[in-house]
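# Geometric and topological summary
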Amino acid sequence: MITRKRLATGACALLAALSVALLPTSATADEPVAKESPKVELVLDVSGSMRAKDIDGKSRMAAAKQAFNEVLDAVPEEVQLGIRTLGADYPGQDRKRGCKDTRQLYPVGPLDRTEAKTAVATLAPTGWTPIGPALLGAAEDLEGGEATRRIVLITDGEDTCAPLDPCQVAREIAAKGIHLVIDTLGLVPDAKTRQQLTCIAEATGGTYTSVHRTEDLSRRVRQLVDRAADPVVTPVATEGAVRCADAPQLKPGLYTDREAFGQHRWYRVDLLPGQELRASVSVSADRAVNNDYGVLLRAVTKHGREIVRGSEAGDGRTDVISTGLRYPKPVLDDEPGDAKPAAETVCLQISNSFSAPPSVKTTPGMPIELTVDVVDGPSAASDVASFGLGRGWWLLGALVLVGFVAGLLWGWLSRWRVAVWRTN
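Here goes a summary of the coordinates provided.

The rules behind these values
- Residues numbered from 1 in each chain as written.
- Predicted model: local features only at pLDDT ≥ 70, side-chain atom pairs only at ≥ 80, totals over all residues.
- Heavy atoms only, no water.
- 1 Å grid on protein atoms, 1.4 Å probe; cavity = no way out; pocket = protein on both sides within 12 Å on 5 of 7 lines; lining within 4 Å.
- Points joined across faces, edges and corners; volume = space filled by probe spheres on them.
- Helix = DSSP H or I, 4+ residues; strand = E, 2+ residues; numbered from the N terminus.
- Phe/Tyr/Trp six-rings, centres within 6.5 Å; stacked < 30°, edge-to-face > 60°.
- Buried < 20%, exposed > 50% of the residue type's maximum accessible area, 1.4 Å probe, protein only.
- Axes fitted to C-alpha atoms, helices over the stretch in contact; angles between N-to-C directions.
- Parallel < 35°, antiparallel > 145°, perpendicular 65-115°, else oblique.
- Left-handed = near helix turned anticlockwise from the far one by under 90°.
- Contact = heavy atoms within 4.5 Å.
- Nonpolar A, V, L, I, M, F, W, Y, C, P; charged D, E, K, R; others polar.
- Pairing = 2+ DSSP bridges.
- Core = buried A, V, L, I, M, F, W, Y, C linked by side-chain atoms within 4.5 Å.
- Disulfide = S-S within 2.5 Å.

## Points about the layout of surface pockets
In this structure, the second largest pocket encloses a volume near 510 Å³. Forming the boundary of the second largest pocket are 21 residues, of which Asp165, Cys167, Arg171, Gln195 and Cys199 lie nearest the centre. Broken down by element, the lining of the second largest pocket gets its largest block of residues, five residues, from helix H7 (residues 191-203).

## Here's the deal with the packing of aromatic side chains
Counted by the stated rule, this structure contains one aromatic pair. Look at Tyr293 and Phe354: their rings are 4.7 Å apart centre to centre, the planes differ by 15°, and that puts the pair in the stacked class. Of the two residues, Tyr293 sits in strand E13 (residues 293-301) while Phe354 sits in the loop between strand E16 (344-352) and strand E17 (366-376), which places them 61 residues apart along the sequence. With respect to burial, Tyr293 and Phe354 carry one shared label: buried.

## Let's talk about the packing of helix H5 (residues 131-141) against helix H6 (residues 166-175)
Two elements in contact, H5 and H6, have axes separated by 8 Å at closest approach and are oriented at 20°. As the angle between them shows, H5 and H6 are arranged roughly parallel. Here H5 and H6 pass one another in a crossing that is right-handed. Where H5 abuts H6, its residues Ile131, Gly132, Leu135, Leu136 and Ala139 lie against Pro166, Val169 and Ile173. The residue makeup of the contact of H5 with H6, split by class, is seven nonpolar, one polar and no charged.

## Comments concerning the pairing of strand E6 (residues 149-155)
Most of E6 sits out of view: seven of its seven residues are buried. Side chains Arg149, Ile151, Leu153 and Thr155 project from E6 onto one buried face, and the interleaved Arg150, Val152 and Ile154 project onto a second face that is buried too. Bridging between strand E1 (residues 39-45) and E6 involves six bridges; their strand directions are parallel. Looking across to E6, one finds that Leu42 is bridged to Val152. Sheet topology places E6 next to strand E7 (residues 180-187); seven bridges connect them, and they run parallel. Within E7, the position partnered with Ile151 by the bridge is Ile182.

## Notes on the nonpolar core
Leu44, Ile154, Leu217 and Val225 are the most contacted members of the largest nonpolar core, which totals 35 residues. Counting residues per element, the ones that place at least two in this core are E1, helix H2 (60-74), strand E4 (80-86), strand E5 (102-109), helix H4 (113-121), E6, E7 and helix H8 (214-229). Looking at this core element by element, the count peaks at seven residues for H2. Setting aside chain neighbours within four positions, we find Val225 in contact with Val40, Leu42, Val71, Val75, Pro76, Val79 and Leu81.

## Here we look at the state of the cysteines
Per the stated rule, a full pass over the model turns up three disulfides. Bridging Cys99 to Cys161, the disulfide has an S-S length of 2.1 Å. What sets the handedness of the Cys99 and Cys161 disulfide is the S-S torsion sign, and at about -100° it is left-handed. Within this pair, whereas Cys99 is found in the loop between helix H3 (95-98) and E5, its partner Cys161 is found in the loop between E6 and H6, the two being separated by 62 residues in sequence. Accessibility expressed as a relative area gives 16% for Cys99, which makes it buried. One disulfide bridge connects Cys167 with Cys199, the sulfur atoms lying 1.6 Å from each other. Judged by the sign of its S-S torsion, about -40°, the bond between Cys167 and Cys199 is left-handed. With a gap of 32 residues between them, Cys167 in helix H6 and Cys199 in helix H7 connect regions that are remote in the sequence. According to the relative accessible area criterion, Cys167 is buried, its value standing at 5%. The class of Cys199 is buried, set by a relative accessible area of 15%. Shown here for the protein is a disulfide pattern of 1-2, 3-4, 5-6, where each number marks a bonded cysteine counted in sequence order.

## Let's talk about the pairing of E17
Sheet topology note: the strand E10 (residues 253-259)/E17 ladder contains seven bridges and is antiparallel. Counterpart to Tyr255 in the pairing with E17 is Leu370. Sheet topology note: the strand E12 (residues 275-284)/E17 ladder contains nine bridges and is antiparallel. Its bridge partner being in E17, Leu277 is matched across the sheet by Val374.

Below you can see the structure in the form of structure tokens.
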């Protein structure tokens, strides 16, 4: 009887627990937080040069309006989109006023397609080309939150409001670590415009595109808006230290930082026995640099002993240069089965050998992108690379054997042919 009562009590307790578990509960810390909607602002040049009729037989302004209408129809519902203009209001010759001629045409937020199209339809080519002030205004329009943010700049000429260099403005925006990407599109650009727009894009990890047709403009802007709506990875801003002991502790992910010319930056990663560390780094030379440069990525112990390194060098191009490394940490055989293995602190050092002409500014530092991944290590000796070949070692051995046999056959056939020739 006592046993039956205990069983009944246990069953009632189990049913009560299941009932509580099935009841709707409030959000807890383990539940995913709702993702913020991505933000995009289209920055359109409405300066006087947009009157030129060299895109599909119509003016650049008409081509931009047609492309905007097509883009607005295709914007994903989850994207918050805004429109900013530059050179749209002041037609005069006062430089001071002309260089302030930028305003938000449509606020960043849920898109009313009809309202946005109506606002774009009222634009007419007017004034100056204050790209730098427009980028600063767009960055302010997109402030706040952790959502993906993107500026798409569409212009047909270089900035006319120096000394506020738009390339330097883009570098300052990138240095804030707010993950704001600027993509640039040049309408029938000349060499100077192409160079400036490329510099703006590369400073923030964006892209530059040269456009000569309305269809290309519409397609490219749609691609960039869609890219903001579905980013692959959101990088995390970090700041490396001058030595390993003070370095930030990194988990698997994508990180961004800035590194001065010839500087060393340190980061730390914990690695358990049986795991493999995979790391790669890209340094973007976002300004003119001297020939002969390189990047070095080292993994060392916290006592300073080098474990493995990866390096890459370049010559004569302003580009992105990348390298990587892999470090599998073996399992210790003498470790007790029930003991928790201790993690090893691996120090990652990023160094570069860039230098620049005296006229080039060295601050802020060049943008770097560091990828860290920790995976299960190889389970067998055959999984570990042998002389960099891995399982390809067996293929190489087979090829050597086949080549040896083929050489013997070819030599025998050659001697036989010579003997037959001499006989005849």
